[in-house]
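Examination of the molecular architecture
Here is how the chains run, residue by residue.
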Amino acid sequence: MSIFSAFVVFAMIWAMVFMIGLQVGQRTQGDAGEVTRGTHASTPERPIGVYRRMAWATAIALAIWVPMIWLITSGHITIDGIRAVTGRPIRD
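So, here's what we can say about the structure. The structure presented is a predicted model; accordingly, all values stated were derived computationally and were not measured. All residue numbers refer to positions counted from 1 along the written sequence of the respective chain. Local features in this predicted model are restricted to residues of pLDDT 70 or higher, and side-chain atom pairs are both shown and tallied only at a pLDDT of 80 or more, whereas totals for entire chains, interfaces and linings draw on every residue. Side-chain figures throughout are based on the complete set of non-hydrogen atoms in the structure, without hydrogens or water.

**Overview of the nonpolar core**
Where a protein is soluble and globular, its nonpolar side chains tend to be buried together. By nonpolar core we mean a set of buried residues, namely Ala, Val, Leu, Ile, Met, Phe, Trp, Tyr and Cys, connected to one another through side-chain atoms within 4.5 Å. Relative accessibility thresholds used throughout: buried, under 20% of the residue-type maximum; exposed, over 50%; partly exposed, between the two (1.4 Å probe, protein chains only). Ala6, Val9, Phe10, Ile13, Val17, Phe18, Leu22, Ala57, Ala61 and Ile69 form the largest nonpolar core, which has 10 residues in total. Elements with a minimum of two residues in this core: α1 (3–23) and α3 (50–74). Counting residues per element, this core draws most heavily on α1, at 7 residues. Contacts between residues were defined by any pair of non-hydrogen atoms, one from each residue, lying within 4.5 Å. Here Phe10 is in contact with Thr58, Ala61, Leu62 and Trp65, once residues within four sequence places are set aside. Counting from the N terminus, the helices are DSSP H or I runs at least four residues long and the strands are E runs at least two residues long.

Written out as structure tokens, the structure reads:
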């Protein structure tokens, strides 16, 4: 696996974790029952603290990414192994 491929895997994991993390613990204006004029009811009640959530997303993504990269580079997971599990023919 090249460095670029490893970075792409990290970026995908980070983006998924970040998008999930944006939703965790949010209280909307609709939940609070006080919708500010000109905003949607699903608007957060208070600022969400994006930088803190980015830091958490990075830490969680690293905790997922490191073992995943180790499994891929160690040879425990191969394309042929994935094909065998899914029932697709193994290429020669």
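**A few points about the packing of aromatic side chains**
Note on ring pairs: Phe, Tyr and Trp rings are taken, using the six-membered ring of Trp, and paired if centres are within 6.5 Å. Classes follow the plane angle, with under 30 degrees stacked, over 60 edge-to-face and the rest tilted. Counted according to the given criterion, the structure contains 2 aromatic pairs. For the pair Phe10 and Trp65, a centre-to-centre distance of 5.6 Å together with 75 degrees between the ring planes defines the contact as edge-to-face. You can see Phe10 sitting in helix α1 and its partner Trp65 sitting in helix α3, a full 55 residues away along the chain. What makes Phe10 buried here is its relative accessible area of 18%. On the basis of an interplanar angle of 10 degrees and a centroid distance of 4.9 Å, the ring pair of Trp14 and Phe18 is categorised as stacked. A residue pair is termed a helical-turn pair when its members lie 3 or 4 positions apart in one helix, as Trp14 and Phe18 do in helix α1 at 4 residues.

These figures capture arrangement, not role.
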